[in-house]
Every structure is written in structure tokens, then in C-alpha cells.
Amino acid sequence: MFKNISSFKPVSLAICRWVLLACLSLLLSPVGASAPPLEPVTVQLKWQPQFQFAGYYAAQEYGFFHEEGLDVTLVPGGPDIAPLTEVMEGRANYAIEAGELVFYRLQGKPVVALASIFQHSPAMLMTEGKAGLRTPHDLAHKRIGMQVGGQPIVEIAAMFVNEGVTLDALALQPNRPGMDALLSGQVDADYGYMTSEPFFNTQAGRDIHYIQPITYGVDFYGDTLFTSERHLQEYPAQVAALRRAVVRGWQYALENPNDMISVLLKRYPQLNREALQFEAARIHELVKPDIVKIGHMNVERWRRMADTFVKLGMVNDTSKLDGFVYDPDQKPDYRWLWWLLGGFGVVALLGFVGSGMVAWMNGRLQEKNTLLQQSVNAQQASEQLLQESQRSLQSLIGNLPGMAYRCHNDADWTMEFVSEGCEALTGYSAEWLIDSQRLTWTHLIHPDDRAGVMATVVTASSARHPFQLSYRIQHRSGEWRWVWEQGHCVAYDAVGAPLMLEGLIMDITAQVDVQQKLQQAKEQADAATRAKSIFLANISHEIRTPLNAVTGLAQLLQQESLQGKQRDYAEKLHSSSRLLLGIVEDVMDFSCIEAGRWCCALRRLMCGGFCKVSGTLCKMP
């Protein structure tokens, strides 16, 4: 775990110091002496004046620094200024850096993180849309403007290494303000902030693509106030006072953004009000003051960030992290106070009164500490419950028999979320489909099915009905698979047009194969039945032809002058041939029926024979 290097509570130290000064002033100072002078402090900003540093300007504008006894000078940054170098070489007491601050610590730089203002980093790379450079892999061997003060932006570098692109494969260039370097072709990709660049690009009508590290598993803290270990050891009270003033400044700036925009425009008239409003809204999302206390730092998150550099091979280990995170709430050590009070034995009564006041104030502070700790514990419990809920939801979605998704209703079906079942369904991991960075869902659909899929989804979504459909997609292995999709539209725009879709896609290739085999078996059985009927019809026809001849000859034979057994044989031959002929005709009728060629035919009825048989039956007893 991290070791916090602040050895006493800054608030208590400040109170004790002022109590002692007040008491001594009663005996040693003349009446009406002036207030103690303000301590001069220099803070190096990361970039030029903008809303990104509104909290610092608010603390300066509204006297929060002065209330803490500090005279603070804010020094603007630039493309050739490295805040780390300014602090290490003593030109600044404090500075602002992003999450790469922990990388500098792992490299042996004695820096201490005081407060992480941005809970997420706005850093990103910009490429022109027409260039087709959409992923870190596309930028290999390209010119990238990501150097500030001669050093690469570490979280951007970590994104490349995390994607298997070594820094040696990049042509690193200095980052320069504005878009001129990118638009003029001096670089293929340029470093910027999501809090400002998108506004100006949209205003100018530029087609710009943004590549963010968080999309590729690199989620660092953003702007973080820091100082050196030596400065913290020598001026612990000043560090605590500056941190309090900065937090107050950011609270005011986020609660009163329009007021701070007016302050910035008054100081720097060249700034753009609409751009500052856009930046203020984006920064509010990064700071998250409604969820996380301003300046809060999670020790384990810093460690995970440090482990990222170890896994990427950028550092060997995390052994140098001890003392990196500043803890303003550590309990104070009052031993130095008792030694100091012992030296003032000649003013024992005054020392007694001072000690009583210190004890009373310490009790008040302990009560506030208890309330603060309870608040922190409740916040940590809420974070843990939220994480457990997210894990449960992720596990439930991951166990679904298919791929759950949330996508935009556009021509590419741009995916905003896909579950872990994506890889089993398509052969591609979820990162391939998110924001269509590497692959679009439309590309996977069979060309013959795309129009039908689009028509079914659009028709159902426009009518605000759920949709179900089956179609083919191409697996990463190259084979075509049948899928069944069920979904519905979950968001519409102001005119009722579908915006976002949610649903589930399942692999039904096995079921389709079974249905196709059953259909083939049925067709084969029908063909066999038809062949049998045709065969029987043909055989019956061939038998009936000679049988008619036999019947006719037997009838002619009966007309001859036959006697006795000869006539009897002729009659039996005739009756048997007639009976067999009837059987053959029945077989032919059944064959025609099965073959679908059966029809009714008119036959002459021999009424005489019918009446003769009927009369014989009536005479029977």
C-alpha cells in the first residue's frame, strides 16, 4: 500500500501556529502591529488560460489564496513548457500534470500528487476523416504531434504500447497549439483535449476523427495538482493551505460557471465565450463533483495505473510509489508543540491557556474528522455496491445465449455496447465493433440480406414496435452463419425518428441446418411416392392391354359350340379375366390419384344385369 508522507494535520498545525503567534504578540508585539505577510507561491499551469484552470483563477479572483495566507502567481503553460521540469528545477513550487504523473514517479522523480481535479483524462489524438486513420494501428510509422516540453504524452504512449505499437514505430513531433499542423499535413495525428478541440472543429465544419486512450483500456486521472517531496517536507502547512484554496476555487467555478467565464473574459478578452461554455460543460463531466469529492484520489486506482506501465514494459516495478499520494487527513503529531511550550517556562500561565485552547480546537477537529471519515466510508460503500451491481449485470449479460447490444440507428449500425457473447457469435472481440473503430455490423451481414434487415428494422422502429428477423452474417473464420435478432428502439429524436436500438442476437445456424435437412428429406419422400405411382400406373397399363385380349378371346370362345367341361372352362376363363381386369383398373385408379392425375369418367350401366341380380337376391329365403 502507499505510504502517505504528510506527518501532521495541516489544519491543526495552522491553528496551533496562529494561537502561539497571538499569545506571543500579547507580550512581545506593540499594539496595532500589522498582519503577517503573505507567502509568495508560484503555480505552473499546464497550458494557456482557459476554463481548464478555472478553479485556480477563482481562488485568486475571490481571495481564497489570501485567506490561507498565500500570494499565488499563476504562470500560463505552452508547447515548450514542461510543468514537471519547472517544479524539479525550482522555478515553480506547484504545477499541474495529468495521470502520467505516476509514470514520472516510477522513473524516480520525487513528485507528490496533492489533488486529482479531473477524475478522467480528456486527452486524445485527432486525425482528419479523409485520411482514414481511425485506430492506433493505423498510426504506425506516422507523424504524431504528442510531445510537450520534449517529452511524449505518457497516457497516449501507453495506448500505443497497449495496442502492440512500439514508440520506436512512431515519428513523434512537438505538439503545437491549434489545428494548423494537422490541417497543413505537417503531422498525421495531433494531441488535443476533448474539452475544447471538438467545439472549434464543429464550428469550422471540419471532418475530424478522435482517438481516446480510454477506448483502448487506458483510463488515467486528468489534471492533478502536485509538488516535490522536498517542498512538502519544508512547507507542509503551505501545501495544505494551497490545496484547500484550490478545492474551494473549483467548487465555486463548477457551481458558477457563467461567473467564472466572465472573469476569464475580463482577464483574457481574446477567449471565446461559447468555447468556454462548451469547455465548462465537458469539465463538469470529468470532475463529477456530484459523485466524487473534488480533489479525491483513490490509492488503488493510482496503483492500477502504475501496474499498467509495468505490464507495458515501460517501467520495471512499482517500488517507488511509497510517498506518492498526499493525505491531508492524517492525524497530527503534537510532540514538537510540547517541546516548544516547555521552552516558554517563564510564561507558564500563558502556555497553560494556549494548551487549553489547542485541546479544545483539536476536539472540534476530531469531531469533524469523524464526520468526514463517516462520509468517506459511506462513499466507499456506495462505490463498492455500484461495482458489485455492475459486475452482476455484466455476468448476467455475459451468460446470455448470444450477443446483447446497444447501437445507433445509422447505416453502419454503430455499436455503443456489445456483450461478451460477441466473440462467440462473430469471432471478433467487442473492441472491434465498439464505435465501429475496426469493423461495422453492416459489413458482417450478407449482401443479399442487408436491404431486408434495414427495411424490417426501420419499419418496426418507426411504428414503435419490436422487431424479429433472421439473416446471415460472416464469421471471422469466413463461414456464413444464420442469426436470429430481436430488438426495439429505445430512443427517438424530437421529430420521432429512431436514434438508439437495443436487442439480442443469437446463432441459429444449427436450427436452420436441421430445417433444411428435413425439407430435403420431405422432398425426397415425395419424389419416391410419385415414382412409385408412375411405376404402378405404367405396369397396370401394360398388364391391361394383353388382359383385354384374353378377356375378348374367352368371350368369343363361349360363342362357339362347346359342350360340358369345355364350356365350363371357357366361362371360368372369361369370369377370371374380367375379375383380374377390374383389379388392374383399380390399381391404375389409385396410382392416378397418388400421381395427382385422377379424374372422373362416364361409364355405361347395364341395367338388365343389375335387375337380374337384384331379382335373384330377392328370391333367396
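All of the points below concern the structure found in this document. (Residues numbered from 1 in each chain as written. Predicted model: local features only at pLDDT ≥ 70, side-chain atom pairs only at ≥ 80, totals over all residues. Heavy atoms only, no water.)

**Comments concerning the nonpolar core**
The tendency in soluble globular proteins is for nonpolar side chains to be buried as a group.
Item 1. By size, the foremost hydrophobic cluster in this structure holds 49 residues, and its most contacted members are Phe51, Tyr56, Ile117, Leu242 and Trp250.
Item 2. For this core, the element with the highest residue contribution is helix 10 (residues 236-255), accounting for 10 residues.
Item 3. Excluding residues that lie within four positions of it along the chain, tyrosine 56 makes contacts with Phe65, Leu74, Ile96, Ile117, Leu225, Val246 and Trp250.
Item 4. Residues Leu101, Val148, Tyr191 and Phe226 belong to the second largest nonpolar core, which totals 47 residues. (Core = buried A, V, L, I, M, F, W, Y, C linked by side-chain atoms within 4.5 Å. Buried < 20%, exposed > 50% of the residue type's maximum accessible area, 1.4 Å probe, protein only. Helix = DSSP H or I, 4+ residues; strand = E, 2+ residues; numbered from the N terminus. Contact = heavy atoms within 4.5 Å.)

**With respect to the environment of serine 429**
Item 1. For serine 429, the position within the fold is in the loop between helix 16 (421-426) and helix 17 (430-433).
Item 2. Counting along the chain gives 11 residues from serine 429 to valine 418, while the straight-line C-alpha distance between them is 9.3 Å.
Item 3. If we skip the residues at most four places from it in the chain, serine 429 touches Cys422 and Glu423.

**Observations concerning a nonpolar patch on the surface**
Item 1. A grouping of Phe535, Leu536, Ile539, Ile543, Leu579, Leu580, Ile583 and Val587 is seen on the molecular surface, where their side chains present a nonpolar patch of about 680 Å² in accessible area.
Item 2. When contributions to the nonpolar patch are tallied by element, the ones reaching two or more residues are helix 20 (509-558) and helix 21 (565-595).
Item 3. Note that isoleucine 583 resides in helix 21.
Item 4. On the basis of relative accessibility, which here comes to 45%, the residue isoleucine 583 falls in the partly exposed class. (Patch = residues over 30% accessible without salt bridge, like charges linked within 9 Å, V, L, I, M, F, W, Y side chains within 5 Å. Areas by Shrake-Rupley, 256 points an atom, 1.4 Å probe, with all protein chains shown as cover. Salt bridge = Lys/Arg side-chain N within 4 Å of Asp/Glu carboxyl O.)

**A short note on helix 19 (residues 450-462)**
Item 1. For helix 19, which comprises 13 residues, the first-to-last C-alpha distance of 18 Å matches the rise-based estimate of 18 Å (1.5 Å per residue) to within 8%.
Item 2. Residues of helix 19 that are buried: Val453, Val457, Ala460 and Ser461. For helix 19, the arc enclosing every buried residue in end-on projection is 100°, short of the 170-degree limit, so these residues lie on one face. Looking at helix 19, the residues exposed on the side facing more than 90 degrees away from the buried face are Ala451 and Thr459.
Item 3. Each element contacted by the buried residues of helix 19 is listed here: strand 14 (467-474), strand 15 (480-492) and strand 16 (498-507).
Item 4. Phi turns positive, to about 60°, at arginine 464, one or two residues after helix 19. (Expected span 1.5 Å × (residues − 1). Arc of directions from axis to C-beta.)

**Concerning helix 13 (residues 299-311)**
Item 1. Taking 1.5 Å of rise per residue, the 13 residues of helix 13 would be expected to cover 18 Å, and the 19 Å separating its terminal C-alpha atoms lies within 8% of that figure.
Item 2. When helix 13 is considered as a whole, its buried residues turn out to be Arg301, Trp302, Arg303, Met305, Ala306 and Phe309.
Item 3. Residues of helix 13 that are buried in the fold lie against helix 5 (101-106), strand 4 (111-116), helix 6 (154-162) and strand 11 (224-228).
Item 4. With a side-chain oxygen positioned 2.9 Å from the backbone nitrogen of glutamate 300, the residue opening helix 13 is asparagine 298.
Item 5. Positioned one or two residues after helix 13, glycine 313 has a phi angle of 80°, which is positive. (Polar contact = N/O pair within 3.5 Å; in protein donor to acceptor, adjacent residues only side chain to side chain.)

**Structural notes on the sheet that holds strand 3 (residues 94-97)**
Item 1. Across the sheet, which stays open at both edges, the 5 strands sit in the order 2-1-3-11-4 with mixed pairing between neighbours. Looking along the sheet, the strands with just one partner apiece sit at the ends: strand 2 (70-75) and strand 4. The mean angle between the axes of side-by-side strands here comes to 30°, regardless of whether they run parallel or antiparallel.
Item 2. Across 6 bridges, the pairing between strand 1 (residues 39-44) and strand 2 is parallel. Bridging from a neighbouring strand, glutamine 44 pairs with valine 75 of strand 2.
Item 3. Each of strand 2, strand 3 and strand 11 is contacted by helix 2 (residues 54-61), which is oriented at about 140° to strand 2, the strand it contacts most. (Pairing = 2+ DSSP bridges. Axes fitted to C-alpha atoms, helices over the stretch in contact; angles between N-to-C directions.)

Fair warning: the whole summary comes from geometry, so function is off the table for now.
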